[in-house]
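Structural overview for review
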Amino acid sequence: FFFFSGMSSSYSQEPPSTAKVILYTSVGEIAIDLFASQTPLACKSFIQNCLDNYYLGCEFHRVVPGFCVQTGDPSNTGDGGVNGAYGAPFADEIHSRLRFRTRGMVAMANANRPNSNGSQFFITLDKCEELERKHTIFGKVADATIFNVIRIGEGELEEGTERPVHPVRITGAEVVVNPFENVVARTKKAADADEAAKDTAADGKGKVRQREGRAQLSKARKNLVSFDDDDGDGGGDDDELVIVPKRKVARREAPPLPEPHLEEATAPVPARAMPAFDIPPTTGSAAAAEAPKPTSTRVVADAASAPGGGGGGGGGGGFAARLAKWKGQSSAARDKVKGKGKEESTLARLARFQGKLDSSAAGTAVRAHKLAFGDK
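Moving on, we come to the overall build of the protein chain. Looking only at helices and strands, one finds 9 helices and 10 strands in the protein chain. A total of 376 residues make up the protein chain; the buried ones form 30% of that total. For the protein chain, the proportion of contacts with a sequence separation of at least 24, taken over those separated by at least 6, is 69%. Carbon together with sulfur atoms contributes 55% to the accessible area of the protein chain, which is approximately 24900 Å² in total.

In structure tokens, the structure reads:
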């Protein structure tokens, strides 16, 4: 319980890291978070050496089991790397929140005297309180890469020394986060200086000509630009910027579209002829007599012209004729009608049928009149 509480308190006291570097070794990667805000001198020197591949091929020449592993000497003897990135030893940077309370702390190695920091550094394998305020802590191993550091610390040593039999080498370095804008690879600085020197030694006439061409190009923004040689060989010294004006092309107007028009009708649409209706014979009932007579050329035959229609008298002539015809039949035919009641009932049915015929004829005449003249 006390161990974990101590670890959490140490992590809470450490400031946040602002830079990151990855060292590639023969046993795996070692990721290091750097406290660049608290130790800018040490972090600048370390990042500069990584960018310049200064640590390439350096061995972990010193291994103290349970204490630390040390590297950063290009000579792999432990006596080199005194001046470092600045060309001279730099001062210590002791911070109250950076302490040797746990393993994985990265600090500068010195010559056992203050302000003698160079390029060598070491990584702790356990807490080292006896080193407090004697060395500059500028980083901490991140994540699970601490196990690669432990593997280096478990290597076999030469008898009676702190030198490993099979030392682990640094095979490369990568700067993941660099907060210093002025810290760049020295090889890049040299390349930039050479490029600047070449630009300065360039032909002055060509520079002036180039500037004049840019000025003309800015004035003729809407023109076409072509670079042609006066002598036509493509390699003369009198190359000039030629401005070719854009040729104006007359716009061709499109022919007008024909206006839509409607064709006038040459002949009126013929009216639909009304169908003729056959009016059944009427008996001259009162409803048919009161109906108005049509005056159109397409007139349906009047009810009075129907057979059996007497015009007046209510159409009784037709019924009387049929009745007389029935009475004039032979006695043998009349004997077929059984009983006086049967004869009376037959007459009654004939009378009702005649009345229905009269009413049907009258209704048909009215409907024909409405169809012919459109009366409501």
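Having put the structure on the table, let's press on.
Pairing in this open sheet of 8 strands is antiparallel, and the strands run β3-β4-β6-β5-β7-β2-β1-β8 from one edge to the other. The open sheet has two edge strands with one neighbour each: β3 (62-64) and β8 (170-177). Pairwise comparison of adjacent strand axes, ignoring direction, gives a mean angle of 25° for this sheet. Contacting β2 (28-34), β3, β4 (68-71), β6 (121-124) and β7 (137-141), helix α3 (residues 146-153) runs over the sheet at an angle of about 115° to β2.

Looking at the element boundaries, arginine 322 is found in helix α7 (residues 316-327). Separated by 28 residues in sequence, arginine 322 and leucine 350 have C-alpha atoms that sit 9.9 Å apart.

Right, let's get into the confidence of the model for the protein chain. Reading fine detail from the predicted coordinates is not recommended where pLDDT is low. Across the protein chain, pLDDT averages 74, with 55% of residues at or above 70. Ignoring residues within four places in sequence, the model shows residues 1-9, a span with pLDDT below 50, making 1 contact including any to other chains. Below pLDDT 50 for its whole length, residues 294-316 participates in 28 contacts with residues either more than four positions away or in separate chains.

Taking 1.5 Å of rise per residue, 12 residues should cover 16 Å, and helix α2 (residues 40-51) covers 16 Å from first to last C-alpha, within 8% of that figure. Taken as a whole, α2 has its buried residues at Ala42, Cys43, Ser45, Phe46, Ile47, Gln48, Asn49 and Cys50. Asparagine 53, located one to two residues past α2, shows a positive phi value of around 55°.

Turning to the pattern of salt bridges, a few remarks are in order. Within this structure, the stated rule accounts for 5 salt bridges. The closest approach of N and O atoms between arginine 163 and glutamate 59, which form a salt bridge, is 3.2 Å. Highlighted residues: arginine 163 in the loop between α3 and β8 and glutamate 59 in the loop between α2 and β3, separated in sequence by 104 residues. With relative accessibility at 28%, the residue arginine 163 sits in the partly exposed group. Glutamate 59 gets classed as buried once you look at its relative accessible area, which sits at 6%.

Conventions used here
- Within every chain, residues take consecutive numbers counted from 1 along the sequence as written.
- Where totals are concerned, whole chains, interfaces and linings use all residues; where local detail is concerned, this predicted model gives features only for residues with pLDDT of at least 70, and gives and counts side-chain atom pairs only at 80 or more.
- Side-chain calculation: all heavy atoms of the structure are included, whereas hydrogens and water are not.
- Runs of H or I in DSSP of at least four residues are treated as helices and runs of E of at least two as strands, each being numbered from the N terminus.
- The cut-offs for exposure are 20% and 50% of the maximum accessible area for each residue type, with area from a 1.4 Å probe on protein chains only; residues under the lower value are buried, those over the upper are exposed, and the others partly exposed.
- Residues count as neighbours in contact if any of their non-hydrogen atoms are within 4.5 Å of one another.
- The Shrake-Rupley method, run with a 1.4 Å probe, gives the accessible areas here. Residue values count only the displayed protein chains as cover.
- Any two strands with at least two DSSP-identified bridges between them are counted as paired.
- Between N-to-C directions, angles cover 0 to 180 degrees, with each direction set by a line fitted to C-alpha atoms, over the stretch in contact for helices.
- Predictor confidence is given residue by residue as pLDDT, running from a minimum of 0 to a maximum of 100.
- Expected span, for any helix, means 1.5 Å times one less than how many residues it has.
- Salt bridges are counted wherever a side-chain nitrogen of Lys or Arg sits within 4 Å of a carboxyl oxygen of Asp or Glu.

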